[in-house]
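Report on the structure
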Amino acid sequence: MIRDILKLKRHGMLIRVLVARDLKARYRGSVLGFLWSFLNPLCLMLVYALVFSFYLRTGTDKYAAFLCSGLLPWIWFQSSLMEGTLSIVGGSNLVSKALFPAEVLPLVPVLANLVHFLLGLPILALFLGIYKIVPSWLVVFLPVLLLIQLLLTVGFVLFLATMNVFYRDTQHIVANLLTLWFFLSPIVYESEHVPAAFQWTLKLNPMAYLTRGYQEMFYYHTLHAGYAGFALGLVVLLFLSVALCLGSYWMFLRYKDEFVELV
Amino acid sequence: MAIAVSIVGLSKRFRKHRDRGILTLKSGFLRLLGSAMGRGKERAPGDQYFYALQEINLVVGHGETVGIIGRNGSGKSTLLKLLSGIMKPTTGQVTVKGKLSALIELGAGFHPEISGRENIFINGIILGLSRDALRLKFDEIVSFAGLEDFIDAPVRTYSSGMYVRLGFSIAIHVDPDVLLIDEILSVGDEKFAHKCIDKMAEFKKTGKSIVLVSHNLGQIEKFCDRVIWIEKGRIAAEGAPRRVIDAYLQYIAKEEEELYAALTEKDAIEEISDDAKRWGSRQVEIGNVQMVGGDGRERHIFQTGEPMTVGMSFRAKEWIEEPVFGIAIYRSDGVLCYGTNTHLERLEIKALEGEGRLSVPLERLDLVEGSYYLDVAVHKEDGTPYDYHHRSYRFAVRSTIKDIGIYRPVHQWVLETEQEGKTILEPREAHGE
């Protein structure tokens, strides 16, 4: 398996080329092109901002800035899972007709959506600017959060992409679970607003930690859990993400040879 | 001769019901669980398997071109996929010396929305070329594919020929030591096919090995040093192209003959219950109807121009005066090709009683290739039928010449030129097509 991970490094060029292809192809033929990477999350943002500031009031101050700091990373996570789950089945002509390392396929949507996420960051800057919020020094931890989310996402995607080869039900289950997951994560509402009886769900939800982390950097400027608690939480999450990644990759390698017959 | 590819004891097993993958969630879950606990090689009971390939041993020498033939579903393409490493064998080993390029699906991984130029880079990298090598070979790839004018257009605007040409051009510029080709020279136009063949000849000359799967037996014979015929997942024959191809063709002809015989038998069974296929008073009954070839054997497949004898046994249950026997040939779409009877030909049968046989030797069956039906009948002079068998006997005509219509008169083409005078045109040497 270690050998396989090293091999993955050799596929770096392949991954880069395929991510570039994905990015190039996505908005090909549209007038606004790459601007959609920016406009899509912005529109979604505005919809949620409209609903939760005017119709169903959350009472959160500077709501758009709060929403934005949690929603952008979530979009990255959700799109990666949705597209990643389909990646092997969708890349059937590469898997079954060419000598192609299948492990590259699930990584491509994760990385492509990371790029979209980064391209969407100006939206966050825009809303922070509107509310005259200056991100706190905690922003130095942003790369750590991104790394953890990347590992976590890759872990899920490798597992789900493999499952989807054997059961195409996976893609539908994933789509529905993601909706649930989204609303159970403190993205459109603050963690404090969750009734005490349900606070434990946040403790079990890795995306709740990550979301909270992003919000504290950009929006709250304080660490609710305290510095030690924050650091400990991140370390544990990092450890779990690595474990998930390795576990999923192990499973992926185990079933990889059967893909060609099933896609 | 140095060995480029060797296959030892290779078998490939597939699970049946491919589309469902694993039949139930439960069995699949148990299987996942089982393998997670380290019992992965044990399969859940009830899984059905079949062997696509069994006990294949094969060596391809350095610089050798080996052709693989066989019917659809015989396992040819699976063998190529195992050779290329796309699939893993169930048992046995595949060893390839040197760089391998598999032309199985041309342009696998092309993205329709982006340009040919960008796709060359992506596809090239997928096939294992480096960016620098691609930059060097870029112009050559484009000009070989003949796509200079379209290289910046998105691939979705390409015709299927252009698509395949580009795919082939990239794959061949990978510069492999072993080239695997699956049925691709049949795509693209004549000009490109020639280019491909030239390129392959060049490959051969430089001592590279080629494994070629094709249904085009003429091409295989022309091109390969050795041919392997795969039948039902096993090597049925191996050796000199001509010999193996002949054995294969003979086998196919025999199978086809059996198929037609089975079909006709089925029709004969149906005919008893089917009024549309048989009618008449049965005062005279036609029994066994046979079509016999020039070799004296009963057959259902004839070559254009071969002799055919239609034979039938009959039984007159009473004294019948002046019966008329007739035969007719219909094409499978119902067009009457030919019909005649003893009355039309002013032949006299005074009277019949009891059993007998009648046969009609046709000196030449000059029908073009296709499926045909034979009608036989016996009736009164005024047409009142005793026994009429309609569309009950099926036969096929095969020909190496793909002319059209129904009837193929015996003919020649005579060319007169100032230089050479009168010559009767002769067919080119051709085989297998």
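Just so you know, the residues in each chain are numbered from 1, in the order the chain's sequence is written. Lettering of chains starts at A and numbering of ligands starts at 1, both following the order in which they are written. Selection of residues for local features in this predicted model requires a pLDDT of at least 70, selection of side-chain atom pairs for listing and counting requires 80 or more, and totals for whole chains, interfaces and linings are taken over all residues. Neither water nor hydrogens contribute to the side-chain values; these are computed over all heavy atoms in the structure.

Describing the overall build of chain B
Going along the chain from the N terminus, every DSSP run of H or I of four or more residues is numbered as a helix, and every run of E of two or more is numbered as a strand. Each helix and strand counted, chain B has eight helices and 20 strands in total. Of all intrachain contacts in chain B linking residues separated by at least 6 positions in sequence, the fraction that spans at least 24 positions is 73%. Accessible area of chain B: about 22,700 Å², with a carbon and sulfur share of 52%. Every residue pair with non-hydrogen atoms within 4.5 Å of one another is taken to be in contact. Exposure was quantified through the Shrake-Rupley algorithm and a 1.4 Å probe, taking into account, for residues, occlusion by the shown protein chains and nothing else.

What to know about the domain arrangement of chain B
The domain boundaries assigned to chain B delineate domain 1 (3-28 + 48-250) and domain 2 (278-398). In this document the domain limits rely on a domain assignment from an automatic tool or a database. Each of domain 1 of chain B and domain 2 of chain B has a C-alpha centre, and these two points are 50 Å apart.

Remarks on the sheet that holds strand β7 (residues 209-213) of chain B
Residue and element names in this part refer to chain B. Paired strands, in this sense, are two strands between which DSSP finds at least two bridges. Taken together, the six strands give an open sheet; going across it, the order is β5-β6-β7-β3-β8-β9, and neighbouring strands pair in mixed fashion. One side of each edge strand has no neighbouring strand; the edge strands of this open sheet are β5 (100-103) and β9 (234-239). Neighbour-to-neighbour, the strand axes of the sheet open up by a mean angle of 15°, direction not taken into account. Relative to β7, strand β3 (residues 65-69) runs parallel, the two sharing four bridges. Pairing of Thr65 across the sheet is with Ile210, part of β7. Axes here refer to lines fitted to C-alpha atoms; in helices the fit is confined to the stretch in contact. Angles between the N-to-C directions go from 0 to 180 degrees. In the packing of helix α2 (residues 76-84) onto the sheet, the strands contacted are β3, β5, β6 (178-182), β7 and β8 (226-231), and the crossing angle to β6 comes to about 150°. On top of the sheet, helix α6 (residues 190-205) reaches β3, β6 and β7; it is set at about 140° to β7, its chief contact.

Here's the deal with the pattern of salt bridges
Residues and elements named next belong to chain B. Throughout this description, the term salt bridge denotes a Lys or Arg side-chain nitrogen within 4 Å of a carboxyl oxygen of Asp or Glu. What the rule picks out here adds up to 32 salt bridges over all chains. Note that Asp387 and Arg278 form a salt bridge whose closest N and O atoms lie 2.8 Å from each other. Of this pair, Asp387 sits in strand β18 (residues 385-398) while Arg278 sits in strand β10 (residues 278-279), and the two are 109 residues apart along the sequence. Under the scheme applied here, a residue whose accessible area is under 20% of the maximum for its type counts as buried, over 50% as exposed, and between as partly exposed, the area being computed with a 1.4 Å probe on protein chains only. With relative accessibility at 14%, the residue Arg278 sits in the buried group. A cluster of three or more residues bridged by salt bridges with shared partners is formed by Arg278, Arg282, Glu285, Lys317 and Asp387.

Concerning helix α5 (residues 160-172) of chain B
Residues and elements named next belong to chain B. Between the first and last C-alpha of α5 there are 18 Å, a value that for 13 residues agrees with the 18 Å anticipated at 1.5 Å per step. Burial analysis of α5 places 11 of its 13 residues in the buried class, which makes it a mostly covered element. For α5, the elements touching its buried residues are β5, α3 (116-126), α4 (131-145), β6 and α6. Helices are assigned an expected span. That span is 1.5 Å times one less than the residue count.

Some details on the packing of aromatic side chains
Each aromatic ring pair is characterised by the separation of its centres together with the angle its planes make. Aromatic rings from Phe, Tyr and Trp, with only the six-membered ring used for Trp, were paired whenever their centres fell within 6.5 Å, and each pair was classed as stacked if the ring planes differed by under 30 degrees, edge-to-face if by over 60, and tilted otherwise. Taken as a whole, this structure holds 33 aromatic pairs over all chains when the rule is applied. Judged by centre distance (5.3 Å) and plane angle (65°), the rings of Phe66 of chain A and Tyr219 of chain A are edge-to-face. Separated by 153 residues along the polypeptide, Phe66 of chain A in helix α4 (residues 63-90) and Tyr219 of chain A in helix α10 (residues 206-220) bring together distant segments of the chain. Both residues of the pair, Phe66 of chain A and Tyr219 of chain A, belong to the buried class. Seen in terms of ring centroids, Trp279 of chain B and Tyr388 of chain B are 4.7 Å apart; in terms of plane orientation they differ by 10°. Their pairing is stacked. Here the residue Trp279 of chain B occupies a position in strand β10, and Tyr388 of chain B occupies one in strand β18, the gap between them amounting to 109 residues. Since its relative accessible area comes to 34%, Trp279 of chain B is described here as partly exposed. A connected cluster of aromatic rings, assembled from ring pairs, spans Tyr48, Phe52, Tyr63, Phe66, Trp74, Phe77, Phe156, Trp181, Phe182, Phe183, Tyr219 and Tyr220 of chain A. Lysine NZ or arginine CZ positioned within 6 Å of the ring centre and within 35 degrees of the ring normal marks a charge as sitting over the ring. Taking NZ or CZ as reference, Lys199 of chain B lies 5.8 Å from the ring centre of Phe144 of chain B, over its face. Seen from the ring of Phe203 of chain B, Lys208 of chain B lies directly overhead, with NZ or CZ sitting 5.5 Å from the centre.

Comments concerning the sheet that holds strand β16 (residues 351-362) of chain B
Paired through their backbone hydrogen bonds, the strands of a sheet run either parallel or antiparallel. All names here are of chain B. Taken in spatial order, the three strands make up an open sheet running β11-β13-β16, and their pairing is antiparallel. Edge positions in the open sheet fall to β11 (284-293) and β16, since each of these has one partner strand only. Each neighbouring strand pair of the sheet contributes to a mean axis angle of 15°, computed without reference to strand direction. Relative to β16, strand β13 (residues 308-321) runs antiparallel, the two being bridged by 11 bridges. Following the sheet pairing, Gly311 is matched in β16 by Ser359.

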